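Examination of the molecular architecture
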Amino acid sequence: METLRGGDWKEGPLLMLFTVTGCNINLYGIMAGTSRHDREMAVNAKKQLSVCTDPVESLRLQCLARGSSGIKGLGRTFKIMDDDNNRTLDMKEFMKGLNDYGVLIEKEEAMAMFQRFDRDNSGFIDFDEFLLTLRPPMSNARKEVIMQAFRKLDKTNDGVITIEDLRGVYNVKYHPKYQNGEWTEEQVFRKFLDSFDSPYDKDGQVTKEEFLNYYCGVSASIDSDVYFILMMKNAWKL
């Protein structure tokens, strides 16, 4: 079992390090792409928005301007409106989702975007396919290293990371907020899982899609495949 040693926790604004059998694994800094990456990504996205004319690219940039969780957050907004769980949206739901998420887009552009994804003219779009297209392009090598990290966390191999996956694997007793009684073990783990979630819908579970959507945001802030893969491997000891 991987455990922590005394005094190994270090915290910063978006940084939480702990040592697992002598190796540093960065839970918050690496997973959030670091606050620096998020800031750079937001600035670049806003610059590109000012000259962007393609509606899909404009929507992608508006999501990335919110940081690593932007695209995943839009996906969560759509999911909340999918009352019948059929993972499709009609025009009204699509427009409401964009509005609820605060996306600035002309009605005509949103309608044109919807029609672009409604390939069979059924009046519905598959929002998984929509989000897949919205993700910034990633190489297969990046996708594979992201999935390696997911599989390492998903101890039960059920396709979802939960507190139970983390319990018994990561020892939190040296975390300062656990030591001073401010947080329970469950709260430490929940804080970790919440870093993947949209601020509007934290459910304490992380699916493969959410994990991938999250890291798509991180990936967008890093130009080099080599650096991204090295960062992931160092973070998770892959």
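Residues numbered from 1 in each chain as written. Predicted model: local features only at pLDDT ≥ 70, side-chain atom pairs only at ≥ 80, totals over all residues. Heavy atoms only, no water.

On to the overall build of the protein, then. Secondary structure summary: the protein contains 12 helices and 7 strands in total. Out of the 238 residues belonging to the protein, those deemed buried represent 49%. A separation threshold of at least 6 residues defines the contact pool for the protein, and within that pool the share at least 24 residues apart is 60%. As displayed, the protein offers around 12000 Å² of accessible surface, 50% of which is attributable to carbon and sulfur atoms. (Helix = DSSP H or I, 4+ residues; strand = E, 2+ residues; numbered from the N terminus. Buried < 20%, exposed > 50% of the residue type's maximum accessible area, 1.4 Å probe, protein only. Contact = heavy atoms within 4.5 Å. Areas by Shrake-Rupley, 256 points an atom, 1.4 Å probe, with all protein chains shown as cover.)

Here the focus is unusual backbone geometry. Note: most peptide bonds trans; most residues except glycine with negative phi. Residues other than glycine seldom take positive phi values, yet Asn-121 does so here, at roughly 55°. As for its placement among the helices and strands, Asn-121 is situated in the loop between α5 (107-117) and β5 (124-126). Residue Asn-121 is classed as exposed on the basis of its relative accessible area, which comes to 68%. Non-glycine residue Asn-157 carries a positive phi angle of around 55°. Mapped onto the fold, Asn-157 is located in the loop between α7 (140-153) and β6 (160-161).

Tracing the backbone through its elements, the reader meets Gln-187 in helix α10 (residues 185-194). Residue Gln-187 is classed as partly exposed on the basis of its relative accessible area of 39%. When the C-alpha atoms of Gln-187 and Lys-177 are compared, they prove to be 9.7 Å apart, with 10 residues separating the residues in sequence. Polar side-chain contacts of Gln-187 include one of 2.7 Å to the backbone nitrogen of Thr-184. (Polar contact = N/O pair within 3.5 Å; in protein donor to acceptor, adjacent residues only side chain to side chain.)

With 32 residues, the main nonpolar core has Ile-146, Phe-211, Tyr-215, Phe-228, Met-232 and Trp-236 as its most contacted residues. Of all elements in the fold, only α7, α8 (163-166), α10, α11 (208-220) and α12 (225-236) reach the threshold of two or more residues within this core. Counting 26 residues, the second largest nonpolar core, distinct from the first, contains Cys-63, Leu-74, Val-103 and Phe-114. (Core = buried A, V, L, I, M, F, W, Y, C linked by side-chain atoms within 4.5 Å.)

So, on to the UniProt feature "domain: EF-hand" (unreviewed entry) in the protein. Mapped onto this numbering, the UniProt entry annotates "domain: EF-hand" (unreviewed entry) at residues 69-104, 105-140 and 141-176. Taken end to end, residues 69-104 comprises 61% helix and 8% strand; its first and last C-alpha atoms sit 18 Å apart. For residues 105-140, the end-to-end C-alpha separation is 31 Å, with 56% helix and 8% strand making up the annotated structure. (UniProt positions renumbered as here; feature names shortened; annotations may be inferred.)

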